[in-house]
Amino acid sequence: MWFLVLFSNMSKTRGLKLSVLPIALTVLALPLAVVRGDSKKPKVENLAAFPNASGVLRTFNRNGDIDLSGPFFQSLSGNGRSCGTCHQPGDAMSVSAAHIQDRFQSSQGLDPIFRTNDGSNCDHSIDTTTVAGRSAAYSLLRTRGLIRIALSPPAGAEFEVVSVVNPYGCSETTTLSMYRRPLPSTNLKFLSTVMWDGRESSAQTGTTPINSTNYPLSLNANLMHQVVDATTGHAQGVPPTVAQQQAILDFEMGLSTAQSEDHGAGDLDAQDAAGGPTNLSKQEFFIGINDPVGLNPTNRPFTSVIFNLFDSWKQVGNPHRAAIARGQEIFNTRTFTVSGVGGLNGNMFPGTTSPVPDSLVTTCGICHDSPNGGNHSISAPLNIGIATANDATVNPLDLSYLPRITLRKISTGETVTTTDPGRAMITGKFADIARFKGPVLRGLAARAPYFHNGAAQTLLDAVNFYDVRFHIGLSAQEKSDLVAFLNSL
Ligand code: HEC
Ligand code: HEC
């Protein structure tokens, strides 16, 4: 393995005694080439190779090498964490559960990611004085890569909290604990809303919903706001200066991350293919760029052909390349029936004249519509069933490790049980329960597990979810091709 221990906050740790050093270290999964070079500043060379199970991931930084002494990787104040604690270059600027487990082992659970404010399953009645205690307290972070997001229902919400059954304590009904995966802090130009529940792009939090007229100013402002919230929240620090916020924004916005080599298929831009981060950095995007419901500002018609990266591999001899091309074809063209998706079926999008039908024969791209980015090109929180624990026909994934939260609509008495109320915790709307954004689908191979709650341990688990949820009827071969394609993004 290519592990390397780096001082993420060198200036701050210089004076520490050796015995306490592990606490101040951040383990970054970095290739050895990274620290060589002329500069004394620790850095990740531009386009450095980060191996993962399926091949090699790289990040193109339009500002050059990644400076690990920059504010993104510094503990600015607070509990010793930096942005880089949870957003690591080798993990596509998210953090994989496997690497968190490695960090637990090498630091005995003392690395700054292991903090009780939001790293542990619950923040009270836990014992973190022993390794065994920390192992139990941080089990969701170690095994699923989950951070605890604690929010109270907004004032004036249409619902009340009936009960919370949380296996780790934290069953209070005034503050709900939700468990979510760090989203990648890269490929950010594609974002039509910030955070799984869009809370950094919401009037309710004093931030701005992103639309085609205010983009990219709204996105930049939301990300600046997010820097402050992350520092005061995750890092329990004081708000960074405007100059620091701006530096972090400039850094994040310069990054394009993608898988660039595949063990079987080789370079993902060979034979006229267009995989890898440099091609991605040139990809056009604007809000609504390929919107299917009539919200494309240019009125260009929707195409289900979302990805064209591997078109040239359709007829090639290499079986691995051919499999990736077939997987892309399935993503782009395989039809299935989408019904019962909250926020889509029957939903009337503002600015359109008729609601989306209750049932649609469509493709993956109906929700993952951004060309070669794969996220939703407009803000549209959806309930595809990832937080549905009580119906295996909707969601076959194991959610037994998550809480059960039951909410009652005050006006009608109707109740819903979910593992995470999602968007509803921001808007207070009953209809928004368990709705989440459609995320960017790049760098997937480096950042398992998947979905907001880490319920899919592998990309095959994610594909199996869709096969059950939408009765697609994929063969074993088709699943394997789709996984090969997703691994190459
Ligand atoms: C303790 C871990 C942790 C730390 C530290 C952390 N983040 Fe995050 N980050 C997360 C999680 C978890 C989410 C998703 C939360 C959600 O959506 O509810 C997230 C989401 C994000 C997103 C949203 C991306 C998207 O697609 O919407 C950005 C950008 C981001 N973080 C940047 C930062 C920056 C900048 C810092 C430092 C100031 C930082 N993070 C510190 C865990 C962390
Ligand atoms: C009806 C809308 C919809 C359709 C159709 C859809 N997705 Fe998704 N997808 C989403 C949403 C929303 C999420 C995030 C859900 C969550 O975590 O709660 C998501 C998440 C994902 C993720 C996880 C990404 C991550 O960062 O964790 C993958 C992989 C994925 N989708 C692949 C696919 C594939 C492949 C298909 C077609 C077989 C597909 N999706 C069809 C809406 C959709």
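Residues numbered from 1 in each chain as written. Chains lettered and ligands numbered in written order. Predicted model: local features only at pLDDT ≥ 70, side-chain atom pairs only at ≥ 80, totals over all residues. Heavy atoms only, no water.

Caption draft 1: Examining the sheet that holds strand β15 (residues 415-418) more closely. Pairing is antiparallel across the open sheet formed by three strands, whose spatial order is β8-β14-β15. Sheet topology places β8 (159-165) and β15 at the edges, where each strand pairs with a single neighbour. The average undirected angle you get between the axes of adjacent strands in this sheet is 20 degrees. With four bridges joining them, strand β14 (residues 404-409) and β15 adopt antiparallel strand pairing. Directly across from Arg408, in β15, lies its bridge partner Thr415. (Pairing = 2+ DSSP bridges. Helix = DSSP H or I, 4+ residues; strand = E, 2+ residues; numbered from the N terminus. Axes fitted to C-alpha atoms, helices over the stretch in contact; angles between N-to-C directions.)

Caption draft 2: Representation of the site of ligand 2. Taken together, 21 residues sit near ligand 2, with Cys364, Cys367, His368, His452 and Tyr466 positioned nearest. Arg447 is positioned with one of its side-chain polar atoms (N or O) 2.8 Å from an oxygen atom of ligand 2. Note that an oxygen atom of ligand 2 is positioned 2.8 Å from one of the backbone N or O atoms of Phe451. In the shell around ligand 2, the residues fall into 16 nonpolar, three polar and two charged. (Near = heavy atom within 4 Å. Polar contact = N/O pair within 3.5 Å; in protein donor to acceptor, adjacent residues only side chain to side chain. Nonpolar A, V, L, I, M, F, W, Y, C, P; charged D, E, K, R; others polar.)

Caption draft 3: Focus on the coordination of the iron atom of ligand 2. Around the iron atom of ligand 2, the protein supplies His368 (NE2) and Tyr466 (OH) as donor atoms, at distances of 1.9 to 2.0 Å. What makes His368 buried here is its relative accessible area of 11%. (Donors = N, O, S within 2.8 Å, 3.2 Å for Na, K, Ca; no water. Buried < 20%, exposed > 50% of the residue type's maximum accessible area, 1.4 Å probe, protein only.)

Caption draft 4: Spotlight on the sheet that holds strand β11 (residues 266-267). Ordered in space as β4-β5-β10-β11, the four strands form an open sheet in which the pairing is antiparallel. Unpaired on one side and paired on the other, β4 (50-52) and β11 mark the two borders of the sheet.

Caption draft 5: Expanded view of the side chain of Ser377. Tracing the chain through its elements places Ser377 in the loop between β13 (359-362) and β14. For Ser377, the contacting residues outside a window of four places in its chain are Ser192, Phe285, Phe286, Ile287, Gly288, Ile289, Asn290, Asp291, Asp369 and Ser370. (Contact = heavy atoms within 4.5 Å.)

Caption draft 6: The arrangement of the coordination of the iron atom of ligand 1 in detail. Among protein residues, the single donor to the iron atom of ligand 1 is His87 (NE2), with a metal-donor distance of 2.1 Å. Along the polypeptide, His87 turns up in the loop between α3 (83-86) and α4 (97-107).

Caption draft 7: Broad picture of the packing of aromatic side chains. Under the counting rule described, the total for this entry stands at 18 aromatic pairs. With centroids separated by 6.3 Å and ring planes inclined at 85 degrees, the aromatic side chains of Phe310 and Phe485 adopt a geometry described as edge-to-face. Placement of Phe310 in the loop between α9 (277-281) and α10 (319-333) and of Phe485 in helix α13 (residues 476-487) is noted, with a sequence separation of 175 residues between them. Assessed through its relative accessible area of 0%, Phe485 is described here as buried. Ring geometry for Phe331 and Phe485: centres 5.8 Å apart, planes at 55 degrees, overall tilted. Linking Phe331 in helix α10 with Phe485 in helix α13, this pair joins segments that are 154 residues apart in sequence. Cluster of aromatic residues (ring-pair linked, three or more members): Phe307, Phe310, Trp313, Phe331 and Phe485. The lysine or arginine in question, Arg142, covers the ring of Phe104, its NZ or CZ lying 5.5 Å from the ring centre. (Phe/Tyr/Trp six-rings, centres within 6.5 Å; stacked < 30°, edge-to-face > 60°. Lys NZ or Arg CZ within 6 Å of the ring centre and 35° of its normal.)

Caption draft 8: Molecular detail of the environment of Asn464. The topology assignment puts Asn464 in helix α12 (residues 459-469). Judged by its relative accessible area of 26%, Asn464 is partly exposed. Each C-alpha atom of the pair Asn464 and Leu397 lies 8.8 Å from the other, and the pair is 67 residues apart in sequence. Look past the residues within four positions of Asn464 in its chain and what remains in contact with it is Pro396 and Lys479.

Caption draft 9: Layout of the site of ligand 1. Of all residues adjacent to ligand 1, which total 28 residues, the nearest are Cys83, Cys86, His87, Met195 and Arg199. Within the backbone of Met195, an N or O atom sits 2.7 Å from an oxygen atom of ligand 1. Taking Lys437, its side chain carries an N or O atom lying 2.8 Å from an oxygen atom of ligand 1. Elements with a minimum of two residues in the shell around ligand 1: α3, β7 (147-151), α7 (217-232) and α8 (242-253). The element that contributes the greatest number of residues to the shell around ligand 1 is α7, accounting for five residues. Tallied by class, residues from the shell around ligand 1 come to 16 nonpolar, six polar and six charged.

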